[in-house]
Amino acid sequence: MAQQYDVVIVGGGHNGLVAAAYLAREGLRTLVLERRHIVGGAAVSEQPFGPDFTLTSLSYVVSWLPPALVKDLDLVRHGYHIYPQGPYFAPRTDGSYLQLPDDKRARREQIAKFSAKDADAIEHWDEWMEGLGTVLGPLVTEIPPKVGSKKPIDLAKQAWLLRKLTGIDERKAVDLTRLLTSSAADLIEDTFESDAMRGVLSVSAVIGSWAGPRTPGTAYVIAHHHIGDLGDGRIGAWGFPRGGMGGVTQALASAARSFGAEIRTEAPVARITTKNGSATGVILEDGTEISASTVITTTHPQISFLRLLDSADLPADFVDDIRRYKSRSGTVKINVALDRLPEFTSKPGFDAQVHGGTIVLSESLDEVEASFQEAAAGKPSTLPFADICIPSVFDPTLAPEGKHVMSMFTQWVPHTWNEEPHLDELEAYADRLFARMEAVAPGFTSSVLHRQILSPYDIEHEYGIIGGNIFHGELTMGQMFHARPAAGYADLRTPIAGLYQAGSATHGGGGVTGVPGRNVVHQILGDRKRSQWRDRARIGARESKANR
Ligand SMILES: Cc1cc2nc3c(=O)[nH]c(=O)nc-3n(C[C@H](O)[C@H](O)[C@H](O)COP(=O)(O)OP(=O)(O)OC[C@H]3O[C@@H](n4cnc5c(N)ncnc54)[C@H](O)[C@@H]3O)c2cc1C
């Protein structure tokens, strides 16, 4: 006999856990099913080197989790704590460095070391980006209207969107259009002349993307990273969660359980079951049947719709959209345990603003573009760029005293490396990255106690993200807002009644935002209420007919 729940959630990543917590809080009998031995998905902390070192395996900094969500779910009581991240620090092989502190005067002085023109330009650039982030921010948290639908309800929602955009003047409308369509290089090179500034900014444009800074559309990713608020009002502020990113998902799991949700790990779902076009539950790989009239899938859409469901049960154009959905990546995450902190030639000694910041290995935009072109031509980058942080500088729970953990987010290897492990080539790639670090911080290599290399193959096969794309699918115009992940289904519903989607491949996703997980609950509760009204109206009509 099948086990019975109100809602079953496929996937125990942060979005599945957010949805579970909100639904259980509403009193619905909710079950989360996670394939791995641990919840968290791409926001997880693990100990591959033994209990001394806790690594933030994939994602490493938080910014986009809405403060209202943290409050609603009382996450602080469940252990959620953020250490604000320090500024960018970009050491260079010629012995100089660029730092971008929050303090405006100090930032200006830093940039002026490389170019007086760039120092003059930075304030306007930051204001411009923040202005666009402020326009885009609220759109990220909303459920997109069905653009193109002629149904009255959808037309009303499209009108609502247009009303929101009336706050934008003619200048901003053009700026937004340019932001969404330009290459990062077009934007950066128009404003800054020094390689130092161009190199750092181009990294934030291509992080997680299968695109170089000269690819049209990459300008948007810079703004994507300016949308964010840790709750202290600082747009674009980033922080390290205590315990690594797993600290966020452990707090979410604890909150969900406290509201009554059940979470099962090592529970891979084999099929989402349907009858007459409606979801009826799931079947696990071990044959266990679970029935629920509401199912939420948070797995990558090419898992949800091409593996867990039968394509024959879905409209052909929807299946076509999902098949064509682009999820390429060349990201390699390298996690390291260190015997000591790195000592930078350009800035010797310990500095919390350096060691506790984002250390960027990227000396020019051209170099970043050349690295991408190599990978696009089928070869791993000779000179990978890296976005590095050492969260143990703030968080003593991650490593023994005096030792540290380092997260190195790097790009690129060819996007086809999701198909094969490429182990030897990845070791050589990591060696090249370490040599790059050694050139600015002599002694780094000898300080490494252990290293873990997670390639697109691992990110797909171990963590379930097809192609290894960090956002569950590329953040390009054709895959955003009303187009994410398929035409007509950006509202978190699917062609199957009672089946909803809430992974990062839906709008609001790409990152640890919790937005799809929260918004799907709004849709589910609304749909349940409407269905109850319809049932009541039907019963009322039947009774009045019987009484006549
Ligand atoms: C290398 C890397 C670095 C990143 N860095 C950052 C960062 O610093 N900051 C940031 O905000 N974002 C970052 N991201 C993006 C962010 O981590 C993801 O967008 C987000 O965590 C995805 O959450 P999710 O809940 O939507 O999906 P996931 O976390 O992918 O959860 C889906 C879950 O479904 C499970 N699953 C798959 N198949 C099945 C099945 N058949 N049955 C049951 N369960 C199944 C998976 O195991 C997984 O746990 C990064 C991602 C990567 C890969």
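Note that the structure is predicted; figures quoted are calculated from it, not measured.

Participant: Would you mind going over the site of the ligand in detail, with residue names and values included?
Facilitator: Residues in contact with the ligand amount to 32 residues; listed here are only the nearest, E34, A42, V61, H472 and V512. Between the ligand and V269 there is a distance of 2.9 Å, counted from a nitrogen atom to a backbone nitrogen or oxygen. Within the backbone of S504, a nitrogen or oxygen atom sits 2.9 Å from an oxygen atom of the ligand. Considered on its own, the ligand offers 1,000 Å² of accessible surface; in the complex 97% of this is hidden by protein.

Participant: Go over the pattern of salt bridges, please, and point to the residues and values.
Facilitator: Applying the stated criterion to the full structure yields 24 salt bridges. For the salt bridge of D491 with K146, the shortest nitrogen-to-oxygen distance reads 3.6 Å. In this pair, D491 is assigned in the loop between α17 (456-461) and β20 (499-501) and K146 in the loop between α4 (116-141) and α5 (152-165), connecting sequence segments 345 residues apart. Classification of K146 as partly exposed rests on a relative accessible area of 27%. The partner of E367 in a salt bridge is R436, and the shortest N-O contact between them spans 2.7 Å. Separated by 69 residues along the polypeptide, E367 in helix α14 (residues 365-376) and R436 in helix α15 (residues 423-440) bring together distant segments of the chain. According to the relative accessible area criterion, E367 is buried, its value standing at 15%. Among the residues examined, R436 registers a relative accessible area of 9% and is labelled buried.

Participant: Explain the nonpolar core to me, using residue names and the numbers behind them.
Facilitator: W125 and L179 are the most contacted members of the largest nonpolar core, which totals 52 residues. Counting only elements with at least two residues in this core, the list comes to β8 (97-100), α4, α6 (170-181), α7 (184-191), α8 (195-206), α9 (219-224), α14 and β17 (385-389). Considering every element that reaches this core, the biggest residue donor is α4, with nine residues. Beyond its immediate stretch of four places on either side in the chain, L179 contacts W128, M129, L132, L136, L187, A219, Y220 and A223. In this structure, A43, V62, I296 and A502 belong to the second largest nonpolar core, which totals 39 residues.

Calculation notes
- Residues numbered from 1 in each chain as written.
- Predicted model: local features only at pLDDT ≥ 70, side-chain atom pairs only at ≥ 80, totals over all residues.
- Heavy atoms only, no water.
- Near = heavy atom within 4 Å.
- Polar contact = N/O pair within 3.5 Å; in protein donor to acceptor, adjacent residues only side chain to side chain.
- Areas by Shrake-Rupley, 256 points an atom, 1.4 Å probe, with all protein chains shown as cover.
- Salt bridge = Lys/Arg side-chain N within 4 Å of Asp/Glu carboxyl O.
- Helix = DSSP H or I, 4+ residues; strand = E, 2+ residues; numbered from the N terminus.
- Buried < 20%, exposed > 50% of the residue type's maximum accessible area, 1.4 Å probe, protein only.
- Core = buried A, V, L, I, M, F, W, Y, C linked by side-chain atoms within 4.5 Å.
- Contact = heavy atoms within 4.5 Å.

Everything listed is a geometric property; what it means functionally is a separate question.
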